[in-house]
Amino acid sequence: MLKFELLNNDPATDDGAYLGSHARRGRLTLNHGVVETPIFMPVGTYGTVKGVMPRSLHDMNAQIILGNTFHLWMRPGLDVVEKFGGLHQFEKWDKPILTDSGGFQVWSLGEMRKISEEGVKFASPVNGDKLFLTPEISMQIQTTLNSDIVMQFDECTPYLSVETKTKGQITTEREARSSMELSLRWAKRCQDEFARLNNPNALFGIVQGGMFEHLRDESLAGLEALDFPGIAVGGLSVGEPKEDMMRILKHIGPKLPKHKPHYLMGVGTPEDLIAGVQNGIDMFDCVMPTRNARNGTLFSRYGDLKIRNARHKSDEQPLDVTCTCYACAGSSGVSWADGGREGFSRAYLHHLDRCGEMLGPMLASVHNLHYYLNLMQEVRDALDAGRFGAFVQQFHADRARGV
């Protein structure tokens, strides 16, 4: 089941600093709950968001999380998940879950996989077993996982060519077309198998086409003919320069069907999310908040912070003086800026990182995810109030200020 309500659009403005946007405020109703959009979705690759307790996800108002079809197929295996009736009961998460199709993971295997019309043959990265993943098998796996949103099996078009004779060069129009057309044929097979399985959830199609606008248009037209209930944009943030990513986003985002939810896969920085919203995107996911947290990089309202830097060794301030997450505000939820003093200091987090204590990346992950989720809450509030343009300007000014 999927119901998407478009609650309002950002009124286009042009005051010399802020050009009219395609930002939307929506509401997505799925089998396991309601999701207010625009939304960021924490990534739970193996059925868990790394380093974060499920209770913390609830506390920070995570409305929907991701699971990874490929990795859950490898471990623990479908027989285990099936015993629990799906991923929700297995990982004790009672809100919506989106699962990717495995296409990106297959792409990331590089020369370890062989793509054909039928599907992809590859060696298991876990035990070396020879495996074969097809659109039909992807749908079968995701039906067993019982995710609220199922993604079609696609080929993620790389930025750099994978052909031996042109390896290291930018993917050609011919290569990108071949990949995009294969994904469209796989989309139809996914749709047919999804229907045969009587899956009660929602299946999204994925727009591909590499860095070529006309291929993106053809991909979108093909998916629209199949009438998926939701549309995703894939094949971005795969190694291309930022200006190319934004060029494609600005081209295809505003063309996505107005009455359906729009999902930008695997993107990105806080600035990327805001640019996505401006171009009509409703849903985002990225490993960046948790991965960067484990590497000592924190996001804040006033720019990014490297907790390993010596300047933080004796700093009493929290990571972000305006933040109300547990790391910054403790159990009180009162920010430092509002007088709260229950949060953990930068000095303490610097110490934990230097000592390799696991609490360090756990607190950092809580903070980064809270920052991303709160950023989307602020976007929704701004859209509700009709002041999104002013919000965007303030967002960029704050981030440029620095910590």
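This structure is a prediction, so every number in the text was calculated from the model and none was measured. In every chain, residue numbers begin from 1 and rise along the written sequence. Given that the model is predicted, a residue must reach a pLDDT of at least 70 before its local features are reported, and side-chain atom pairs must reach 80 or more before they are shown or counted; all residues, however, enter totals for whole chains, interfaces and linings. Side-chain measures were taken over the full set of non-hydrogen atoms in the model, leaving aside hydrogen atoms and water.

**Q** Lay out the sheet that holds strand S3 (residues 33-37) in plain terms, naming residues and giving numbers.
**A** Strand pairing is assigned whenever DSSP identifies at least 2 bridges connecting the two strands. For the purposes of this entry, the term helix denotes a DSSP run of H or I that reaches at least four residues, the term strand denotes a run of E that reaches at least two, and both are numbered from the N terminus. The strand order across the open sheet formed by 3 strands is S1-S2-S3, and the pairing between neighbours is antiparallel. Edge positions in the open sheet fall to strand S1 (2-9) and S3, since each of these has one partner strand only. Each strand axis lies, on average, 15 degrees off the axis of its neighbour in the sheet, ignoring direction. Residue contacts are defined here by distance: any two heavy atoms, one from each residue, within 4.5 Å place the two residues in contact. Angular values range over 0 to 180 degrees, each being the angle between N-to-C directions of two axes fitted as lines to C-alpha atoms, with helices fitted over their stretch in contact. Here helix H14 (residues 359-385) sits on the sheet in contact with S1, strand S2 (24-30) and S3, set at roughly 120 degrees to S2.

**Q** How would you explain the pattern of salt bridges if you had to name every residue and give the values?
**A** Within this document, salt bridges are pairs made up of a side-chain nitrogen of Lys or Arg and a carboxyl oxygen of Asp or Glu, the two lying within 4 Å of each other. Applying the stated criterion across every chain, the model contains 23 salt bridges. We note a salt bridge from Glu-224 to Lys-260, for which the minimum N-O separation is 3.1 Å. Of this pair, Glu-224 sits in helix H8 (residues 213-226) while Lys-260 is found in the loop between helix H9 (242-252) and strand S14 (262-264), placing the two residues 36 residues apart along the sequence. The salt bridge involving Arg-247 is made with Asp-244; its shortest N-O contact spans 3.2 Å.

**Q** Run through the pairing of strand S17 (residues 303-306), naming residues and quoting values.
**A** Sheet topology places strand S16 (residues 297-300) next to S17; 4 bridges connect them, and they run antiparallel. Following the sheet pairing, Thr-297 is matched in S17 by Lys-306. Hairpin connection, S16 to S17: the antiparallel pair is bridged by 2 residues.

**Q** I'd like to hear about the side chain of Arg-24, residue by residue, with values.
**A** Within the secondary structure, Arg-24 is located in strand S2. We define a polar contact as two N or O atoms separated by no more than 3.5 Å, with the added condition that, inside protein, one atom must be a possible hydrogen donor and the other a possible acceptor, whereas residues neighbouring each other in sequence contribute only through side-chain atom pairs. At 3.0 Å, the side chain of Arg-24 and the backbone oxygen of Lys-258 are in polar contact. There is a polar contact of 2.8 Å between the side chain of Arg-24 and the side chain of Asp-282.

**Q** Help me get a handle on the sheet that holds strand S9 (residues 120-123), residues and values and all.
**A** Strand order across the open sheet formed by 3 strands is S8-S9-S10, with antiparallel pairing between neighbours. The open sheet has two free edges, formed respectively by strand S8 (113-115) and strand S10 (130-133), since each of these has just one partner strand. The sheet shows a mean angle of 15 degrees between the axes of neighbouring strands, direction not considered. The pairing of S9 with S10 spans 4 bridges and is antiparallel. Directly across from Phe-122, in S10, lies its bridge partner Leu-131.

**Q** Describe the environment of Met-376, with residues and values.
**A** Mapped onto the fold, Met-376 is located in helix H14. Once the C-alpha coordinates of Met-376 and Ile-39 are considered, the two residues, 337 residues apart in sequence, prove to be 5.7 Å apart. For Met-376, the contacting residues outside a window of four places in its chain are Pro-38, Ile-39, Phe-40, Leu-273, Val-277 and Phe-284.

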